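Summary of structural features
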Amino acid sequence: SAAKVKRKITDDEIIKYLTSQASVTETWFSYGPLGRAIKNDRPLVIDELNMLPKEVQARMNDILLRPDGAKITLQENGAEEFVKRRGTRIIATLNVGLQYTGTSDFNVAFGQRWKGEAMDYPSAAESYDLMLAQLMRHDRVRLPEKFPPELFGKIADLAISAREIQELFSGKTATKRYMSLTQLAAPDVGALKAHVVSTRDLMRGIIQPWKNGGFFLRDLDTLIADKILAPAHAHPNDQQMLAEIFIRRGFFADWGSEDFAEHGIHSVDQDSLDKLRADEVVAMYTADDPFRDQAEQAHQMAGLIKADLLIGNTSRIRS
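Since we're looking at a predicted model, the values are computed, not measured. (Residues numbered from 1 in each chain as written. Predicted model: local features only at pLDDT ≥ 70, side-chain atom pairs only at ≥ 80, totals over all residues. Heavy atoms only, no water.)

A count of helical and extended segments in the chain gives 14 helices and 8 strands. For the chain, the residues scored as buried account for 38% of the 319 residues in total. For the chain, the share of sequence-separated contacts (at least 6 apart) that also reach a separation of at least 24 residues comes to 67%. (Helix = DSSP H or I, 4+ residues; strand = E, 2+ residues; numbered from the N terminus. Buried < 20%, exposed > 50% of the residue type's maximum accessible area, 1.4 Å probe, protein only. Contact = heavy atoms within 4.5 Å.)

Below you can see the structure in the form of structure tokens.
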């Protein structure tokens, strides 16, 4: 698209304007992203393609279908013709699923114009590695000396929790609900509708602030409450399910309903917390945990890494 731009008016032009020798109004146009891409024979990258208005998506059809060497006109650039050359390609990203606010479904014909590659969330192991790298010192060998060794396993718990939430949100799996379990009843099956924990949420919202704050367990729980649970206040079912997942992974061990309420989390009542923490319910969801093997492997790996490389074990490193 074209956009108006400003430039400095020269003294000679001012004289012409004052003596009525020139038009008082002049407009210059610059090329928009698409015009620049075609004119300079470069690719155009569009982030969140399915957040574009439908009419804009429809107008891209002509460009996607034209062969190299074809002439193209853009509405905003009048009658100017552009030649589509080999380097002119459109690369786009999008999140699939109407649970993403502001997105829309593709027209089938428009979707067929693209060659797509599906990308999954990072695996639990990949998220674990990313978080560990973010927590480590600049030498990339050890965690900071103030890191509490007893909290090392919490990194694995966080990675597993995030992966479970991501699979629920993307519809790859469903989860059993135990927080509001009634006596003699089977747990409900649920899925997340509007909230997910992204890699960005983990790194920027949880890990980096936790590191900056000194690695206190209460701070880690507080960050999860403020950055992940509280923003889901408009969807109480999602908020309660997120809280339950983290509680089942060992977070918020000493929190009561009043603690959650202080952080704007009102979907977690004390009765539900008591039910979730009851011995028979703990045994039930532990036995049914679809991520149990992943969690056990993550903790085993965390133990090996802690013993051999981190937490100030300099003697082995130097040898």
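Now for the pattern of salt bridges. Following the criterion strictly, the structure yields 15 salt bridges and no others. D68 is the partner of R89 in a salt bridge, and the nearest nitrogen-oxygen pair spans 3.2 Å. Here D68 lies in the loop between α3 (54–65) and β4 (71–73) and R89 lies in the loop between β5 (81–83) and β6 (90–92), a separation of 21 residues in the sequence. Owing to a relative accessible area of 38%, R89 belongs among the partly exposed residues under this scheme. (Salt bridge = Lys/Arg side-chain N within 4 Å of Asp/Glu carboxyl O.)

To continue, consider the packing of aromatic side chains. The full count for this structure, using the stated rule, is 9 aromatic pairs. Here the aromatic rings of F147 and W210 are separated by 5.7 Å at their centres, their planes lie at 75°, and the arrangement is edge-to-face. With F147 in the loop between α5 (124–135) and α6 (152–169) and W210 in helix α7 (residues 199–213), this residue pair connects regions lying 63 residues apart in the sequence. For the pair shown, F147 and W210 are each scored as buried. Both rings, one in F252 and one in F260, keep their centres 5.1 Å apart while their planes meet at 55°; by these two values the pair is tilted. (Phe/Tyr/Trp six-rings, centres within 6.5 Å; stacked < 30°, edge-to-face > 60°.)

This part takes up the packing of helix α11 (residues 270–277) against helix α12 (residues 279–287). Two numbers describe how α11 lies on α12: the axes approach to 5 Å, and their chain directions differ by 65°. Viewed along their axes, α11 and α12 adopt a mutual orientation that is roughly perpendicular. Within the contact between the two elements, α11 uses K275, L276 and R277 and α12 uses D279, V281, V282 and Y285. Looking at the contact of α11 with α12 residue by residue, the class counts come to 4 nonpolar, no polar and 3 charged. (Axes fitted to C-alpha atoms, helices over the stretch in contact; angles between N-to-C directions. Parallel < 35°, antiparallel > 145°, perpendicular 65-115°, else oblique. Nonpolar A, V, L, I, M, F, W, Y, C, P; charged D, E, K, R; others polar.)

Now for the side chain of Q240. Mapped onto the fold, Q240 is located in helix α9 (residues 236–248). Taking the relative accessible area as the measure of exposure, Q240 reaches 13% and is therefore buried. Here Q240 is in contact with R177, M179, S180, S267 and S272, once residues within four sequence places are set aside.

Compared with an ideal rise of 1.5 Å per residue, which puts 13 residues at 18 Å, α9 spans 18 Å between its outermost C-alpha atoms and is within 8% of the ideal. Summarising burial for α9: 11 of the 13 residues are buried, a large majority. G250 lies just past α9 and shows a positive phi near 100°. (Expected span 1.5 Å × (residues − 1).)

Moving on: the environment of H233. Here H233 lies in the loop between α8 (217–229) and α9. H233 gets classed as exposed once you look at its relative accessible area, which sits at 55%. As for H233 and G264, which are separated by 31 residues in sequence, their C-alpha atoms are 7.4 Å apart. Ignoring any residue separated from it by four or fewer positions in sequence, one finds H233 in contact with Q239 and G264.

At a minimum axis distance of 11 Å, the contact between α9 and α11 shows a crossing angle of 35°. Where α9 crosses over α11, the two elements pack in a sense that is right-handed. Across the interface between the two elements, Q240, E244, I247 and R248 from α9 touch S272, L273, L276 and R277 from α11. When its residues are assigned to classes, the contact of α9 with α11 shows 3 nonpolar, 2 polar and 3 charged. (Left-handed = near helix turned anticlockwise from the far one by under 90°.)

With respect to the helices and strands, the residue D157 is situated in helix α6. Here D157 falls in the buried class, since its relative accessible area comes to 12%. Measuring from C-alpha to C-alpha, the distance between D157 and R248 comes to 9.7 Å, with 91 residues separating the pair along the chain. The contact partners of D157, leaving out residues within four places of it in the chain, are R249, F251 and H299.

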